[in-house]
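# A structural walkthrough
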Amino acid sequence: MFGIVRPCTHRLSDGLRAEWMAHLCGLCLALRADHGQFARIVTNYDGLIVSVLTEAQAGRTPAGRRTAGPCPLRAMRTAPVARGEGARLAAAVSLVLASAKVRDHVADRDGLLARRPVAAAARRVAAGWDRAGARTGAALGFDTALLVDAVDRQTGIESLAGPGTPLLTVTEPTETATAAAFAHTAVLAGKPRNAAPLAEAGRLFGRLAHLLDAVEDREADAAAGAWNPLTATGTPLAEARRLCDDALHGVRLALREVEFADGKLVHVLLAHELRRSVDRAFGTSSCSHQEGSGPLTPDASFGPPPGNPYGAPPGDPYAPGGPGSPPPPPRDRRGLIAGCLVWAGLACTCQMCCGTYEDPWSRERREALCNNCGDCCEACDCCGQCGEGCCCCGDSCGCDC
């Protein structure tokens, strides 16, 4: 799965983690329902934001959830998943985004796509995704032709770009496409006044997506001789970082103008996780706007003591996990084959890398391999009084940011 907003699940509260997974699984199942099993391959982290925005404006209703069956990517557990127009719009946008990414790889002749038969097959798949996205979009009143046009214009703009070309000229098609997708969530939610600020937030989100992709691929593109907007326009990394920081600030300002029924998850994803995405792409682990700030430690972030971050606090022997608490009830072990399927799902979704997960065979809770996850804050709930899971991780913004 691709996307720039990839939160480590242990940074989210239980409630927000369940909501995030509900939208991720809802996007995947909406793709399957409308476009077949193969379409699920385009499930991505950024597409689910469209579903999150729609529900955050309209409010969650019982009809907006259904219980999905066991899935290897959820450790063979059932779960409530999002459904409805938001998930379907996310599916349509994801298909067109994936089509654009395939076309980009074909144009760059990446890997096997350098071979003509493979490239021709990839183009046919991308064209099919364009048509599928258009069908779903039309059913929701959204014209995906705007997205397809942006993809087509991108190729022409890149062919003309050179040293001295403004970097924002290259990112414009992506900005236009994401602005349209974000704005249409206001239409689906019945909040037309939100369309303008959401279009602005979407435009800047698209800018970030394009720039961060360019930053992350810069060295690999140089080694492969592939086109990269930073290299082609002669833009230094410092200027790219400045543009990203400006876009982050603009997204926050735009979201303040949006009327949400429940905007906690939107705030976490687009105010805090988006900044971490920028820090991750540029190789910084602290919030970039704080002068002289270094990586957070458990002491600096008022997190738990070293060791088990989810263990019982000192002096409370009867807290969960403490020496005076009753042992957890035994769980039935999974068989060899079922456990292997669950293990494959955990590995594919990186759940074994961050946070905690259920052992594929014994079902016991396990700590992930990289529990600190570099730039993750550990239980730093600095504005929990105004919304669960609002983990600022040293960010000085208030809860209304």
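Thresholds, definitions, all that
Residues numbered from 1 in each chain as written. Predicted model: local features only at pLDDT ≥ 70, side-chain atom pairs only at ≥ 80, totals over all residues. Heavy atoms only, no water. Core = buried A, V, L, I, M, F, W, Y, C linked by side-chain atoms within 4.5 Å. Buried < 20%, exposed > 50% of the residue type's maximum accessible area, 1.4 Å probe, protein only. Contact = heavy atoms within 4.5 Å. Pairing = 2+ DSSP bridges. Helix = DSSP H or I, 4+ residues; strand = E, 2+ residues; numbered from the N terminus. Expected span 1.5 Å × (residues − 1). Phe/Tyr/Trp six-rings, centres within 6.5 Å; stacked < 30°, edge-to-face > 60°. pLDDT = per-residue confidence, 0-100. Axes fitted to C-alpha atoms, helices over the stretch in contact; angles between N-to-C directions. Parallel < 35°, antiparallel > 145°, perpendicular 65-115°, else oblique. Left-handed = near helix turned anticlockwise from the far one by under 90°. Nonpolar A, V, L, I, M, F, W, Y, C, P; charged D, E, K, R; others polar. Patch = residues over 30% accessible without salt bridge, like charges linked within 9 Å, V, L, I, M, F, W, Y side chains within 5 Å. Areas by Shrake-Rupley, 256 points an atom, 1.4 Å probe, with all protein chains shown as cover. Salt bridge = Lys/Arg side-chain N within 4 Å of Asp/Glu carboxyl O.

## A look at the nonpolar core
Nonpolar side chains tend toward joint burial in soluble globular proteins. Core analysis: the biggest nonpolar cluster contains 74 residues, and L270 and L274 have the highest contact counts within it. Among all residues touching L270, those that are not within four sequence positions of it are I49, L53, F182, F205, V251 and L255.

## Some points on the pairing of strand β1 (residues 65–71)
Where β1 meets strand β2 (residues 77–82), 5 bridges bridge the pair, whose relative direction is antiparallel. Residue pairing across strands places R65 opposite A82, the latter belonging to β2. Between the end of β1 and the start of β2, which pair antiparallel, lie 5 residues, with A75 showing a positive phi angle near 60°.

## Side note on helix α4 (residues 116–139)
With 24 residues, α4 extends 35 Å between its outermost C-alpha atoms, agreeing within 8% with the 34 Å of an ideal straight helix rising 1.5 Å per residue. Within α4, the full set of buried residues consists of A119, A122, A126, W129, D130, A132, G133, T136 and G137. Next to the buried residues of α4 lie α1 (14–35), α3 (85–108) and α5 (145–160).

## Regarding the packing of aromatic side chains
All chains considered together, the criterion is met by 3 aromatic pairs. When the ring of W20 is compared with that of Y45, the centres are 5.7 Å apart and the planes differ by 15°; the resulting orientation is stacked. In this pair, W20 is assigned in helix α1 and Y45 in the loop between α1 and α2 (48–58), connecting sequence segments 25 residues apart. Side by side, W20 and Y45 carry an identical accessibility label, which is buried. Considering the side-chain rings of F38 and W129, the 6.1 Å spacing of their centres and the 25° angle between planes classify their relative orientation as stacked. Separated by 91 residues along the polypeptide, F38 in the loop between α1 and α2 and W129 in helix α4 bring together distant segments of the chain. On the accessibility criterion, F38 (53% relative accessible area) is exposed. Taking the relative accessible area as the measure of exposure, W129 reaches 11% and is therefore buried.

## Quick word on the confidence of the model for the protein chain
Summarising the model, the protein chain shows a mean pLDDT of 78, and 73% of its residues fall at 70 or more. Within the protein chain, strand β4 (residues 365–367) has the poorest average pLDDT of any element, 61, and helix α9 (residues 237–256) the best, 97. For residues 286–327, every residue scores under 50 in pLDDT, and the model assigns this stretch 54 contacts once sequence neighbours within four places are set aside. Within the model, pLDDT remains below 50 along residues 370–401, and this stretch shows 83 contacts once partners closer than five positions in the same chain are excluded.

## Overview of the packing of α3 against α4
α4 packs onto α3 with a crossing angle of 160° between their chain directions and a minimal axis gap of 8 Å. With respect to α4, the axis of α3 lies roughly antiparallel. With respect to the hand of their crossing, α3 and α4 are arranged in left-handed fashion. Facing α3, whose interface residues are R88, A92, L95, V96, A98, S99, V102, R103 and V106, α4 presents A119, A122, R123, A126, A127, W129, D130, A132, G133, T136, G137 and A139. When its residues are assigned to classes, the contact of α3 with α4 shows 13 nonpolar, 4 polar and 4 charged.

## So, the environment of L73
Inspection of the secondary structure assignment puts L73 in the loop between β1 and β2. Once the C-alpha coordinates of L73 and L341 are considered, the two residues, 268 residues apart in sequence, prove to be 9.0 Å apart.

## Some thoughts on the packing of α5 against helix α6 (residues 167–189)
Their axes nearest at 8 Å, the elements α5 and α6 cross at an angle of 175°. As far as their axial angle goes, α6 and α5 are roughly antiparallel. Only T169, V170, E172, P173, T174, T176, A177 and A180 of α6 make contact with α5, whose side of the interface consists of L146, L147, A150, R153, Q154, I157 and E158. For the contact of α5 with α6, the per-class residue count stands at 8 nonpolar, 4 polar and 3 charged.

## Brief notes about a nonpolar patch on the surface
On the surface, a nonpolar cluster with roughly 290 Å² of combined accessible area is contributed by F38, I41 and V125. Its location among the elements puts V125 in helix α4.

## As for the pattern of salt bridges
In this structure the tally under the stated criterion is 20 salt bridges. Between D213 and K101 there is a salt bridge, and its shortest N-O distance comes to 3.7 Å. Residue D213 is found in helix α7 (residues 195–224), and its partner K101 is found in helix α3; the two are separated by 112 residues along the sequence. Judged by relative accessible area, which is 28%, D213 ranks as partly exposed. In this structure K101 comes out as partly exposed when scored by relative accessible area, which is 30%. Notably, a salt bridge pairs R203 with E200, separated by 2.7 Å at the nearest N-O pair. Note that R203 and E200 are positioned in helix α7 at a spacing of 3 residues, about one turn of the helix.

## What to know about α2
Burial of α2 is extensive: 10 of the 11 residues sit out of reach of the surface. Three or more residues of α2 are buried, namely L48, I49, V50, S51, V52, L53, T54, E55, A56 and Q57. Directly beyond the C-terminal end of α2, a positive phi value near 90° is found at G59.

## Looking at the environment of S51
Here S51 is to be found in helix α2. Look past the residues within four positions of S51 in its chain and what remains in contact with it is H23, A82, G86, A87 and A90.

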